[in-house]
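Below are the chains, spelled out letter by letter.
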Amino acid sequence: ELFGAENAGVTGGVLNMVSKSGSNKFEFDVQGTYESEKLRFFTDQSDGGAPSRTVVLIPNFSGPIIKDRLWYYVGLQVQNRIIGRETDISGQNPLGEPPQGANDHARGNLKLTWQVTPRNKLTSFTHYQRTWEENLANVTQYERDAQSRHDESDFFTGIIWESLLADNVFLRSQVGTSQVGDVTK
């Protein structure tokens with residue numbers, strides 16, 4: 001299946017993300033979830049499984065900076081996941097009690113929209129993401145002190161110029177830069 005000129009070489013699916021924009025109304029919303037092995041119903045000791053939990057918090061803010069001219073949107077997401085670790089199959093724990101794994105994410109988006117004139121608009125969009133992971137190596141092969149740690153960040157920022165040149169002619173120009181890599185400690 002073909003996905004048009006922009007994505008003609010794509011062999012998988014295509015995702016188009018459109019972020020929320022601010023308006024003349026101040027808005028705030030927050031979402032959150034909590035998942036835990038301890039909240040599972042109808043289990044007994046034979047089900048096993050080391051206790052794990054995940055907490056996610058997502059606040060979003062938007063509104064005007066200058067009414068009818070300049071708006072902002074800020075979206076954040078914080079996730080903390082503790083991963084219970086099983087002992088080896090013998091139950092002997094020859095390398096000691098396995099440490100809990102941890103997987104943490106922090107993401108943020110900032111979008112500023114400026115209506116320069118009735119027919120021209122400038123938008124800036126910035127996205128930052130950071131991931132921390134630790135103690136995810138195989139517990140039957142690595143001692144507690146040899147467990148791995150990983151810290152990675154992604155950054156993108158760009159601007160978009162949109163102009164209505166005539167009632168049926170629209171110009172959109174955009175440029176951006178991104179950076180992905182391990183964070184040096």
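**Q** Which residues make up the confidence of the model for the protein chain, and what are the values?
**A** Averaged over the protein chain, the pLDDT score is 82; the fraction of residues at 70 or greater is 71%. Mean pLDDT values for the elements of the protein chain range from 90 in strand 7 (residues 169-182) up to 94 in strand 2 (residues 53-66).

**Q** Any chance you could break down the environment of Ala-102 for me, citing the residues and the numbers?
**A** Looking at the element boundaries, Ala-102 is found in strand 4 (residues 101-117). Ala-102 sits 30 residues away from Trp-132 along the chain, and the two C-alpha atoms are 7.8 Å apart.

**Q** Can you lay out the sheet that holds strand 1 (residues 27-36) for me, pointing to particular residues and giving the numbers?
**A** Reading across the sheet, the seven strands line up as 1-2-3-4-5-6-7 and stay open at both edges, with antiparallel pairing between neighbours. In this open sheet, the two strands that pair with only one neighbour each are strand 1 and strand 7. Strand-to-strand twist of the sheet, defined as the mean angle between neighbouring strand axes without regard to direction, takes the value 10°. The pairing of strand 5 (residues 120-134) with strand 6 (residues 149-166) spans 15 bridges and is antiparallel. Considered in strand 6, the bridge of Thr-126 is made with Thr-157.

So, how was this worked out
Residues numbered from 1 in each chain as written. Predicted model: local features only at pLDDT ≥ 70, side-chain atom pairs only at ≥ 80, totals over all residues. Heavy atoms only, no water. pLDDT = per-residue confidence, 0-100. Helix = DSSP H or I, 4+ residues; strand = E, 2+ residues; numbered from the N terminus. Pairing = 2+ DSSP bridges. Axes fitted to C-alpha atoms, helices over the stretch in contact; angles between N-to-C directions.

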